[in-house]
Amino acid sequence: MKCLNQKKQISLEDDEEFSKFYEREQLLQLLDAFKQNRNTMILFHLLSYSGMRKGEALALTWAYINFEDNEIRINKAISHGRDCQLYLKTTKNGIARKIGMDQQSLDLLAEWKDEQAKKFNTKTAKKQLVFTNLNNDFIQPVQTQK
């Protein structure tokens, strides 16, 4: 009888999961390419440093970033519905959480907030999405911006 909490042993040579990660050179090339698109670069930075899911980051509004306490509150995500329409939903497990953030990431987000306010004339609207498409609307989770 197999124990329910027994850990599966894997071999690094034949584990497909490891192919999902970038090699050092690939990551450097990717980050270099992002320099041309601040929205994508900052999104990728936030995903890398926070551990949040892509749908959570794409649903994030400025109201949920607390620059004073160095944290981000996650309580929703975007997802596809019928006919690929986007809608807001709860997080994957339905539980809101707070993520502590490093100062460099928060400084980058603060700069982005100012850039975005100028670009879309949004001032500091709390309902303003942090990451948007060129029409200041939700980014499709599978969409790449140019």
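Here, the structure is the one placed above.
Rules used in this analysis
- Residues numbered from 1 in each chain as written.
- Predicted model: local features only at pLDDT ≥ 70, side-chain atom pairs only at ≥ 80, totals over all residues.
- Heavy atoms only, no water.
- Helix = DSSP H or I, 4+ residues; strand = E, 2+ residues; numbered from the N terminus.
- Buried < 20%, exposed > 50% of the residue type's maximum accessible area, 1.4 Å probe, protein only.
- Contact = heavy atoms within 4.5 Å.
- Areas by Shrake-Rupley, 256 points an atom, 1.4 Å probe, with all protein chains shown as cover.
- Pairing = 2+ DSSP bridges.

1. As for the overall build of the chain
Moving on, step 1. The secondary structure content of the chain amounts to four helices and five strands.
Moving on, step 2. The helix and strand sequence of the chain, counted from the amino end, reads α-α-α-β-β-β-β-β-α.
Moving on, step 3. Within the chain, the proportion of its 146 residues that are buried is 34%.
Moving on, step 4. The long-range fraction of contacts in the chain, counting pairs at least 24 apart against all pairs at least 6 apart in sequence, stands at 50%.
Moving on, step 5. Roughly 10,700 Å² of accessible area belongs to the chain as shown, and the carbon and sulfur atoms make up 50% of that amount.

2. Considerations on the pairing of strand S2 (residues 71–74)
The side chains of a regular strand alternate, residue by residue, between the two faces of the sheet.
Moving on, step 1. The pairing of strand S1 (residues 65–66) with S2 spans two bridges and is classified as antiparallel. What sits directly across from Ile 65, in S2, is Ile 72.
Moving on, step 2. Between the antiparallel neighbours S1 and S2 lie four residues, among them Asn 70 with a positive phi of about 55 degrees.
Moving on, step 3. With four bridges connecting them, S2 and strand S5 (residues 97–100) associate as antiparallel partners. Paired with Glu 71 across the bridge in S5 is Gly 100.

Note that all results are geometric; they support no functional claim without further evidence.
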